[in-house]
Structure formats: C-alpha cells, structure tokens
Amino acid sequence: MKRILVSGGAGFLGSHLCEQLVDEENEVICLDNFFSGSEQNISHLLSSSNFKLLVQDVSMPLSIEVDEIYNFACPASPLLYQRFPIETFKSSVLGSLNLLELAKASGAKIFQASTSEVYGDPLLHPQPESYFGNVNPIGPRACYDEGKRSAETLFFDFHRQYQVGIKVMRIFNTYGPRMSATDGRVVSNLILQALQRKNLTIFGDGSQTRSFCFVEDTIRAIRLMMASPKEITGPINVGNPTECTILELASLILELTGSSSQLSFLPQRTDDPVQRQPSVELAKTELSWQPTYPLKEGLLKTIAYFESFLKKDVD
C-alpha cells in the first residue's frame, strides 16, 4: 500500500485516478478546494477507509508524509480560467511550488499534469516534445498557458537542483464521463446542446482541428508514466494522434444522439489554436502506450453519462 496525494482529485481526470488508486487498496488523499472540481465526482469514494478528502487550496502550503504525488490542481476550462486568471496562475505556479517542496521533504515521486496548451497556437504540426511553442504571454489564455509552462520550469529546476523524482506529461484534449457540464469544452458543449435540442455552437468556421483522447486511455498513460524508470522524466505528450475538425465532431455527435439540432457559427475565440495534434512517438517508445478507444466508442460512453446527468437534473 502506498500513501498517495492527488491534488485536484475531485476534478475530471483526478477523480478517475483516485478511483483506480483506491480500488488497488492504496491510501489516497484527495486535495481539492472545489473551485473547478465537484464532490459528486468522488462521492462514491467517501465511504472508503482508504480515501481521505482534504479541502484546501493547493496554493497554500501543506505538510504531510506521502509516497507519491499527482498534481492536477488547476482550472482547465477556458471559461473559468479566463474569468479567474490570477487564481489560475497561482494554482499552477504556487501550487506546483508547494507540492514540489512536499515531494522534496517526503522523498516522493511527483507527477505533473501539464497540457498541450504549452504549445500555444502551434506553427509546427504535429507537435513533438522538442517544440518550444507559439504562446501569447499577455493574451486572455496566458494565465493557463504560461502558468503550465512555468510549472514545467519549476519541476525541472527541482529535479536538477534537488534531485526530486519528477514525471511531466503534456495531456492533449481528453474527454469522457465526469466532464463538467459548464466548463465550455467543445465535447461537453456539443453533446449537451445536441441532447437538449439546442443549436450546436461552432466558434469560427469549424475547420480548426483537435485530437480527442478518451479518459481511460489518458489515465492508463498516467499510470504507466508514474511507474516508469526514474530517468524517464518527460515531458511526454499523451493524446490521440488522429486529427478531427470541429465540424466533423459536431456531425458525429448529431448522428450518435439522433438530434435535430442545427449548427450556429460564432466568432473565432482569441488565441484559439487552429491545429492541435500530438506526436506520441515518445509515449510509444518510452511507455509502450498508444490510445485504443475509437472516437465513436468514447463519445457513446460520454453521451450516456450526460444523458444520465440531465435526467438527474430533471428529477
């Protein structure tokens, strides 16, 4: 049994990881202030003797003994982080600093959930880990993009200066059950709009691309990364290399939901990347990982989750 801290453990990815770790009979401490996470995501774990909820902001120091740390604590919703940019930047930078100090004091391995947003609006396609990115440091998305880039800097500086065992993963678009219904991400937005027979909102002309990875594939990669040899620090891209336009995604969601909704086109968002596709060759060679879920299968599971969510909301 390991004692494992999962910051942001009540969020989308964090809750799936907590569930797996508890099922394996580890002692799991979920750190969350519910700024973007939801207690509903972990409600089924609260009765477990192996699960403890610690309600605290990650930007505040903490002192506990742990064997491993997973850091997911940062709003990932564009709507939320653009509304609360300073809180977002603090969670990335001060949160990472606090958890790295804890890892240093405990001798714990620490995982950082970084993001494809460190590449900004990329000029290189697909994006390998060696690419430094094209980020606007003063734009409306900078609090998230530059916050995550700064967090990576801290992780590698702690590794070089204090020999802290780090694992840094750049996670591309991930979707699946437990996505927030209000976070403004394209998959949840379009599914909910289709199920509610509302117009599907497309920002720009819909030709921009994304690469969608199902949550079970992403969690599997995270576990493989944490279990990898100490010299594998990352950063490593994880995502689905199969590119999809937003129009193609919308059409597939309409087909799978049987919805009669129409498309509604809105102005392109500021600094919204035109193309986003990971190179996952490093994940294949160093982690023996590649995604296995087809988009259609993953969307069907996600649609079923949101159908249940809407039914509960009505009840």
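Look up: the structure comes first, before these words.
Residues numbered from 1 in each chain as written. Predicted model: local features only at pLDDT ≥ 70, side-chain atom pairs only at ≥ 80, totals over all residues. Heavy atoms only, no water.

**Student:** Explanation requested: the pattern of salt bridges in the structure shown.
**Tutor:** For side chains of opposite charge, pairing can occur when their charged atoms come near one another. Using the criterion set out here, one finds 15 salt bridges in the structure. A salt bridge links arginine 223 to glutamate 24; the shortest N-O distance between them is 2.8 Å. Here arginine 223, found in helix α6 (residues 215-227), pairs with glutamate 24, found in the loop between α1 (12-23) and β2 (27-32); they are 199 residues apart in sequence, far enough to count as distant. Looking at arginine 223, the relative accessible area reads 21%, which means it is partly exposed. (Salt bridge = Lys/Arg side-chain N within 4 Å of Asp/Glu carboxyl O. Helix = DSSP H or I, 4+ residues; strand = E, 2+ residues; numbered from the N terminus. Buried < 20%, exposed > 50% of the residue type's maximum accessible area, 1.4 Å probe, protein only.)

**Student:** Sorry if this is basic, but what is going on with the packing of aromatic side chains here?
**Tutor:** Each aromatic ring pair is characterised by the separation of its centres together with the angle its planes make. Applying the stated criterion across every chain yields a total of 11 aromatic pairs. Here phenylalanine 72 and phenylalanine 111 contribute two aromatic rings whose centre-to-centre distance is 5.9 Å and whose plane-to-plane angle is 40°, an arrangement assigned as tilted. Remark: phenylalanine 111 occurs in strand β5 (residues 109-115) and phenylalanine 72 occurs in the loop between β4 (68-71) and α2 (78-83); sequence separation between them is 39 residues. Consider the rings of tyrosine 305 and phenylalanine 306, whose centres lie 5.1 Å apart with planes at 75°: the pair is edge-to-face. Look at phenylalanine 306 and you get buried, because its relative accessible area is 0%. Put simply, the rings of Tyr70, Phe72 and Phe111 pair up and form one aromatic cluster. The residue whose ring lies beneath arginine 269 is phenylalanine 203, and the NZ or CZ to ring-centre distance is 3.8 Å. (Phe/Tyr/Trp six-rings, centres within 6.5 Å; stacked < 30°, edge-to-face > 60°. Lys NZ or Arg CZ within 6 Å of the ring centre and 35° of its normal.)

**Student:** Explanation requested: the environment of serine 308 in the structure shown.
**Tutor:** Among the secondary structure elements, serine 308 is positioned in helix α9 (residues 295-314). For serine 308, a relative accessible area of 33% translates into the label partly exposed. Sequence separation between serine 308 and glycine 8 is 300 residues; the distance between their C-alpha atoms is 24 Å.

**Student:** Even after reading the chapter, I still don't get the packing of helix α5 (residues 186-195) against helix α7 (residues 246-257), so can you show me in this structure?
**Tutor:** Describing two packed helices takes the angle between their axes plus the distance from one axis to the other. Where α5 meets α7, the closest approach of the two axes is 10 Å, and the angle between their N-to-C directions is 40°. The orientation of α5 relative to α7 falls into the category oblique. For α5 against α7, the interelement crossing comes out right-handed. Taking contact as the criterion, the partners of Val186, Val187, Leu190, Ile191, Ala194 and Leu195 in α5 are, on α7, Ile246, Leu249, Ala250, Ile253, Leu254 and Thr257. For the contact of α5 with α7, the residue count by class is 11 nonpolar, 1 polar and no charged. (Axes fitted to C-alpha atoms, helices over the stretch in contact; angles between N-to-C directions. Parallel < 35°, antiparallel > 145°, perpendicular 65-115°, else oblique. Left-handed = near helix turned anticlockwise from the far one by under 90°. Contact = heavy atoms within 4.5 Å. Nonpolar A, V, L, I, M, F, W, Y, C, P; charged D, E, K, R; others polar.)

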